[in-house]
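What follows is the residue order along each chain.
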Amino acid sequence: MNTETVGTWAKSLPAQPWGLWWLQMRRLVRIELRRNLFSWKAAWIYFLAYVPTVIILIHLLFDTHSGSALSDDTNLLAGIIQFYYIRLGVFFGCLGIFSGLIRGEMVKRSLHFYLLSPVRREVLLLGKFVAGSISAVFLFSSAVAADFVLMYAGYGASGREYMMQGPGLGQLEAYLLIVVLACLGYGAVFLMLSMVFRNPTPAAMLVLGWETINPVLPSLMQKISVVSYLRHLMPITVPGDGIFALLTVKTEPVSGWVATLGLIILIILVLGYSCIRIRRLDIRYTTQ
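Structural notes, computed from the coordinates. If you're wondering where the values come from, they're calculated on a predicted model, not measured in any experiment. (Residues numbered from 1 in each chain as written. Predicted model: local features only at pLDDT ≥ 70, side-chain atom pairs only at ≥ 80, totals over all residues. Heavy atoms only, no water.)

### Thoughts on the overall build of the protein chain
Stage number 1. The helix and strand tally for the protein chain stands at 12 helices and 0 strands.
Stage number 2. Of all 288 residues assigned to the protein chain, the portion counted as buried reaches 48%.
Stage number 3. Looking at the protein chain alone, contacts between residues at least 24 apart form 82% of all its contacts between residues at least 6 apart.
Stage number 4. Working note: accessible area of the protein chain is about 15,300 Å², and carbon and sulfur atoms make up 69% of it. (Helix = DSSP H or I, 4+ residues; strand = E, 2+ residues; numbered from the N terminus. Buried < 20%, exposed > 50% of the residue type's maximum accessible area, 1.4 Å probe, protein only. Contact = heavy atoms within 4.5 Å. Areas by Shrake-Rupley, 256 points an atom, 1.4 Å probe, with all protein chains shown as cover.)

As structure tokens, this is what we get:
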């Protein structure tokens with residue numbers, strides 16, 4: 001692409017119907033949000049998000065909360081975020097949400113209605129990604145916030161002091177940032193896989209295996225991963241025992257803003273490829 005082509009492309013940007021695209025995306029997001037959050041098919045994603053909340057609630061109601069146990073519960077909460085939400089809950093929740101946005105429409109033989117409407121395919125893709133991201137972020141962020149409050153509610157004044165005046169509030173902000181980035185990262189990956197493969201589940205299992213062995217890979221290969229960026233944002237790192245020790249291999253530390261920026265760049269690259277891919281998407285229901 002020469003300089004003249006780049007200049008022509010830049011001059012054409014203001015002439016694009018941005019207002020129309022924004023309106024179309026907003027309406028598409030509303031439609032997809034109703035499907036993602038208010039249907040019985042989403043029940044198991046609610047289960048993935050809130051099952052630790054139920055367990056912590058039982059812990060609050062039936063266990064004693066002495067002052068010496070506060071640090072243990074802090075490490076327990078960090079372990080739930082590190083081993084459950086990042087590795088399993090958010091991963092499979094996003095797989096369920098985002099793999100159905102394109103591939104699910106193909107299975108139901110309804111995607112062609114979108115493709116035949118006067119909507120750019122890139123707008124369609126990004127609208128579905130935004131809707132899926134809002135759904136996943138809402139479910140898992142609210143669950144993590146509830147986990148945090150319930151974990152310290154039993155400690156009374158000392159728990160409130162830890163949350164509001166101690167390091168607790170900073171830890172919660174870090175956990176919420178991790179969950180948001182995890183939803184965006186895994187969402188972008190699974191949305192892309194749903195267009196590349198007829199059944200994205202086997203490919204997702206390969207991604208899970210890649211994420212699992214990521215800490216022992218060479219540093220350059222580690223960057224092609226979502227979890228490699230997220231682990232640098234953890235305010236508390238819990239060492240794993242047994243098989244979980246593989247998930248806590250120490251790597252060269254990276255500052256939080258570098259890890260966040262690196263993951264955002266990875267998300268943009270994946271979405272950019274997905275936009276190119278959807279422009280060439282051809283539906284043949286006889287072979288889907």
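### A few points about the nonpolar core
Generally speaking, nonpolar side chains in soluble globular proteins are found buried as a group.
Stage number 1. Judged by nonpolar contacts, the single largest core of 87 residues is most densely connected at Tyr85, Phe98, Phe140, Tyr186 and Phe190.
Stage number 2. In terms of residue count, the dominant contributor to this core is helix H4 (residues 70-107) (18 residues). (Core = buried A, V, L, I, M, F, W, Y, C linked by side-chain atoms within 4.5 Å.)

### Describing the packing of aromatic side chains
Stage number 1. Inspection of every chain in the model, using the stated rule, returns 10 aromatic pairs.
Stage number 2. Taking 5.2 Å as the distance between ring centres and 75° as the angle between the ring planes, the aromatic pair formed by Phe91 and Phe92 counts as edge-to-face.
Stage number 3. Residue classification places Phe92 among the partly exposed residues on the basis of a relative accessible area of 24%.
Stage number 4. With a centroid separation of 5.0 Å and 90° between ring planes, the pair formed by Phe91 and Phe190 is classed as edge-to-face. (Phe/Tyr/Trp six-rings, centres within 6.5 Å; stacked < 30°, edge-to-face > 60°.)

### Description of helix H7 (residues 156-164)
Stage number 1. The set of residues buried in H7 consists of Gly159, Tyr162 and Met163. One side of H7 holds all its buried residues, which, seen down the axis, span an arc of 95°. Across H7 from its buried face, at more than 90 degrees, point the exposed residues Ala157, Arg160 and Met164.
Stage number 2. Lining the buried residues of H7 we find H4, helix H6 (121-153) and helix H8 (168-196). (Arc of directions from axis to C-beta.)

### Digging into helix H3 (residues 43-62)
Stage number 1. Over its 20 residues, H3 runs 27 Å from end to end, which matches the ideal 28 Å to within 8%, given 1.5 Å per residue.
Stage number 2. Along H3, the helix axis deviates most sharply at Tyr50, where the bend reaches about 45°; the proline Pro52 sits within four residues downstream.
Stage number 3. Within H3, the full set of buried residues consists of Ile45, Leu48, Ala49, Pro52, Thr53, Ile56, His59 and Leu60.
Stage number 4. Where the residues of H3 are buried, they touch H4 and H6. (Expected span 1.5 Å × (residues − 1). Bend = angle between axes of the 7 residues up to and from the residue.)

### As for the packing of helix H2 (residues 18-37) against H6
Stage number 1. Here H2 crosses H6 at 45°, and the two axes come no closer than 8 Å. Put simply, H2 runs oblique to H6. The two elements H2 and H6 cross, and the hand of that crossing is right-handed. In contact with Trp21, Gln24, Met25, Leu28, Val29, Glu32, Leu33, Asn36 and Leu37 of H2, H6 contributes Val123, Leu124, Leu126, Gly127, Lys128, Val130, Ala131, Gly132, Ile134, Ser135, Phe138 and Leu139.
Stage number 2. Within the contact of H2 with H6, the residues separate by chemical class into 14 nonpolar, 5 polar and 2 charged. (Axes fitted to C-alpha atoms, helices over the stretch in contact; angles between N-to-C directions. Parallel < 35°, antiparallel > 145°, perpendicular 65-115°, else oblique. Left-handed = near helix turned anticlockwise from the far one by under 90°. Nonpolar A, V, L, I, M, F, W, Y, C, P; charged D, E, K, R; others polar.)

### Remarks on a nonpolar patch on the surface
Stage number 1. On the surface, Val54, Leu57, Ile58, Leu61 and Phe62 cluster together into a nonpolar patch covering about 510 Å² of accessible area.
Stage number 2. Within the fold, Leu61 resides in helix H3. (Patch = residues over 30% accessible without salt bridge, like charges linked within 9 Å, V, L, I, M, F, W, Y side chains within 5 Å. Salt bridge = Lys/Arg side-chain N within 4 Å of Asp/Glu carboxyl O.)

### Some points on the packing of H3 against H4
Each pair of packed helices gets described by two things: the angle between the helix axes and the distance between those axes.
Stage number 1. Two elements in contact, H3 and H4, have axes separated by 8 Å at closest approach and are oriented at 165°. The angle between H3 and H4 falls in the class roughly antiparallel. As for the relative orientation of H3 and H4, their crossing is right-handed in sense. Contacts between H3 and H4 pair Trp44, Ile45, Leu48, Ala49, Val51, Pro52, Thr53, Ile56 and His59 from the former with Asp73, Ile80, Tyr84, Tyr85, Gly89, Phe92, Gly93, Gly96 and Ile97 from the latter.

### Focus on the state of the cysteines
Stage number 1. Evaluation of the coordinates by the stated rule reveals 0 disulfides.
Stage number 2. Cys183 carries a free sulfur, and the closest cysteine sulfur to it, the one in Cys94, is 4.4 Å from it. (Disulfide = S-S within 2.5 Å.)

### Some points on the side chain of Ser135
Stage number 1. As for its position among the elements, Ser135 is in helix H6.
Stage number 2. Looking at Ser135, the relative accessible area reads 0%, which means it is buried.
Stage number 3. In terms of polar contacts, Ser135 uses its side chain to reach the backbone carbonyl oxygen of Ala131, at 2.9 Å.
Stage number 4. Setting aside chain neighbours within four positions, we find Ser135 in contact with Leu33, Asn36, Leu37 and Ile97. (Polar contact = N/O pair within 3.5 Å; in protein donor to acceptor, adjacent residues only side chain to side chain.)

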